[in-house]
Amino acid sequence: MDTTTSSLLLVSFFLFVIIIIIFNKINNGLRTSSASKKKLIEHVVTHRHGPRFPQGSLGWPILGETIEFVSSAYSDHPESFMDKRRLMYGRVFKSHIFGTATIVSTDAEVNKAVLQSDSTAFVPFYPKTVRELMGKSSILLINGSLHRRFHGLVGSFLKSPLLKAQIVRDMNKFLSESMDLWSEDQPVLLQDVSKTVAFKVLAKALISVEKGEELEELKEEFEQFITGLMSLPINLPGTQLHRSLQAKKKMVKQVEKIIEGKVRRAKNKEEDGVIAKDVVDVLLKDSSENLTHNLIANNMIDMMIPGHDSVPVLITLAVKFLSDSPTPLHFLTKENMELKSLKELTGEELYWNDYLSLPFTQKVITETLRMGNVIIGVMRKAMRDVEIKGYVIPKGWCFLAYLRSVHLDKLYYDSPYKFNPWRWQERDLNTSSFSPFGGGQRLCPGLDLARLEASIFLHHLVTRFRWVAEEDTIINFPTVHMKNKLPIWIKRR
């Protein structure tokens, strides 16, 4: 793509962002800016000699600092927006992005405190389009006892040895089916392969849909649904948001039919009702009246998002970093080849704990999470004035925990832009400076499964193939992905 085309695309996106901001401002009666300024004045006066209101700038009227934020996000150094303000104002500062007065934090301890807070202090915050697509009953938005119940049930199942064993079987099956068809005469688009496999695995784990027209229909509607996450917040026929909402309705009906079938078979004792085969089974067994079939169906769709983005991106970035780093690739290959040889010698199958016990492989995945920043940040909204580490976060303000800046901060990591799995030789993962999946009560319940799926994929790749990756660029906004889907040329071992 030439420079002129790139510039036109960037200008088009800026115009798109401006339209979103203006629309939100009109929709909210322009109350955000006036309320923000009033709150700012109150806190400057009230806390002049005590906890301080973060310094910073609210930028231009209505637009705030959104254009500079987006421009930096699209660059080769996305955290430059944060770095510039951190030098001027400190690690916690105020800004105004995407139409919202925001406290931005690049401080590991402040981020940890906010993410571990309960709903009396902070609640999830998402753009209007995301809120509309998720719905009020989404696990991403609900708070209190219902969220704890749902998160606990799902988290326990996703961490269970039973599901991990199923994931191993499914990953082995789906990867073998895919890799057997790989040709040495044309590039393999690794991002697409990882996305397809991860979606199949997750669809089976959530709702026991594995193959055929049902899976294809679900995947097609899901692609339409997820496209709307970054669309204009206008729900009119012909708009992307409207098409995405219609796609979700179709998926919800499809999942509700699956739920009704499970309930019917359980009543007729057509299948074993003791062992849960998927997440829907787990939720149906709960006696809470709040977990309606519609709520369960809607949340199964929302939980498919990691299978579309987070896990495939983790896998793709790991292959990208290894392709650019011969020494780590050599050590990872050696470790996995030794495990494969051992299992072939003993005649044993590979179990889930075999993959997770590979020390260097896990270091590679950890370093990929740190450098790749699959989740660049987490947003919350303050429900009251909150004081953390000497800073005041005012009620009603948005809070952005910018995780990427922490993970690439030389205060916490030596040579932070160097891919170095050995840095995790002695380093503790349970630290405030490492939070690739958020934290607190809303820590991603699929964290262990993401590691497991990435471990299995890497094991199959390095034990079956040698490869050379084409030059490709990591795009960090609006979501992390490879510009050309990471083409690799393979040779079978």
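Here we summarise the structure given alongside this text.

1. Considering the overall build of the protein chain
Summing up its helical and strand segments, the protein chain has 20 helices and 12 strands in all. Across the 493 residues that make up the protein chain, the buried fraction comes to 51%. Total accessible area computed for the protein chain in this model is approximately 23100 Å², and 55% of it derives from carbon and sulfur atoms.

2. Looking at the packing of helix α9 (residues 190–207) against helix α15 (residues 310–323)
In the contact formed by α9 and α15, the axes pass within 8 Å of each other and the chain directions differ by 145°. Of the two elements, α9 crosses α15, and the hand of that crossing is right-handed. Residues L190, Q191, S194, K195 and A198 of α9 pack against V311, P312, I315, T316 and V319 of α15. Tallied by class, residues from the contact of α9 with α15 come to six nonpolar, three polar and one charged.

3. Concerning the pattern of salt bridges
Applying the stated rule across the entire model yields 28 salt bridges. Between D286 and R149 there is a salt bridge whose closest N-O contact spans 2.4 Å. Here the residue D286 occupies a position in the loop between α12 (279–284) and α13 (293–302), and R149 occupies one in helix α7 (residues 144–158), the gap between them amounting to 137 residues. Accessibility expressed as a relative area gives 42% for R149, which makes it partly exposed. The closest approach of N and O atoms between K204 and D170, which form a salt bridge, is 3.0 Å. Of the two residues, K204 is situated in helix α9 and D170 in helix α8 (residues 161–179); the sequence distance between them amounts to 34 residues.

4. Points about the environment of S310
Its place among the elements puts S310 in helix α15. In this structure, the C-alpha to C-alpha distance between S310 and I375, residues 65 residues apart in sequence, is 7.7 Å. Not counting chain neighbours up to four residues away, the residues in contact with S310 comprise I305 and V374.

5. Some details on the environment of D76
When you line up the elements, D76 lands in the loop between α3 (66–73) and α4 (80–89). In sequence terms D76 and T473 are 397 residues apart; their C-alpha atoms lie 8.9 Å from each other.

6. A few points about α3
Taken together, the buried positions of α3 are occupied by T66, F69, V70, S72 and A73. Angularly, the buried residues of α3 cover 160° about the axis, an arc narrow enough to put them on a single face.

7. Comments concerning the pairing of strand β8 (residues 398–401)
Looking along a regular strand, one sees the side chains alternate between the two faces of the sheet. Both faces of β8 are covered, namely the face carrying C398 and L400 and the face carrying F399 and A401. Sheet analysis places strand β2 (residues 100–105) next to β8, joined by four bridges and oriented parallel. Each bridged residue has a counterpart across the sheet, and for S105 the counterpart in β8 is A401. Here strand β5 (residues 378–382) runs beside β8; their pairing, made up of four bridges, is antiparallel. Opposite R380, over in β8, you have F399 as the bridge partner.

8. Examining the sheet that holds strand β4 (residues 188–189)
Read from one edge of the open sheet, three strands run β4-β12-β9, paired in antiparallel fashion. Either end of the sheet is taken by a strand with one partner, and the two such strands are β4 and β9 (465–469). Where β9 and strand β12 (residues 487–492) come together, five bridges link them in antiparallel fashion. Looking at β12, one finds that F465 is bridged to R492.

9. Description of the sheet that holds strand β3 (residues 122–124)
On the basis of which strands lie adjacent, the open sheet formed by five strands has the order β1-β2-β8-β5-β3 and mixed pairing. Bordering the open sheet on either side are β1 (92–97) and β3, each of which pairs with just one other strand. Averaged over all neighbouring strand pairs, the angle between strand axes comes to 35°, with direction disregarded. Together, β1, β2 and β8 form the strand contacts of α4, whose direction differs from that of β1 by roughly 130°. Along the sheet face, helix α5 (residues 108–115) touches β1, β2, β3, β5 and β8 and points at about 125° away from the line of β8.

Rules used in this analysis
Residues numbered from 1 in each chain as written. Predicted model: local features only at pLDDT ≥ 70, side-chain atom pairs only at ≥ 80, totals over all residues. Heavy atoms only, no water. Helix = DSSP H or I, 4+ residues; strand = E, 2+ residues; numbered from the N terminus. Buried < 20%, exposed > 50% of the residue type's maximum accessible area, 1.4 Å probe, protein only. Areas by Shrake-Rupley, 256 points an atom, 1.4 Å probe, with all protein chains shown as cover. Axes fitted to C-alpha atoms, helices over the stretch in contact; angles between N-to-C directions. Left-handed = near helix turned anticlockwise from the far one by under 90°. Contact = heavy atoms within 4.5 Å. Nonpolar A, V, L, I, M, F, W, Y, C, P; charged D, E, K, R; others polar. Salt bridge = Lys/Arg side-chain N within 4 Å of Asp/Glu carboxyl O. Arc of directions from axis to C-beta. Pairing = 2+ DSSP bridges.

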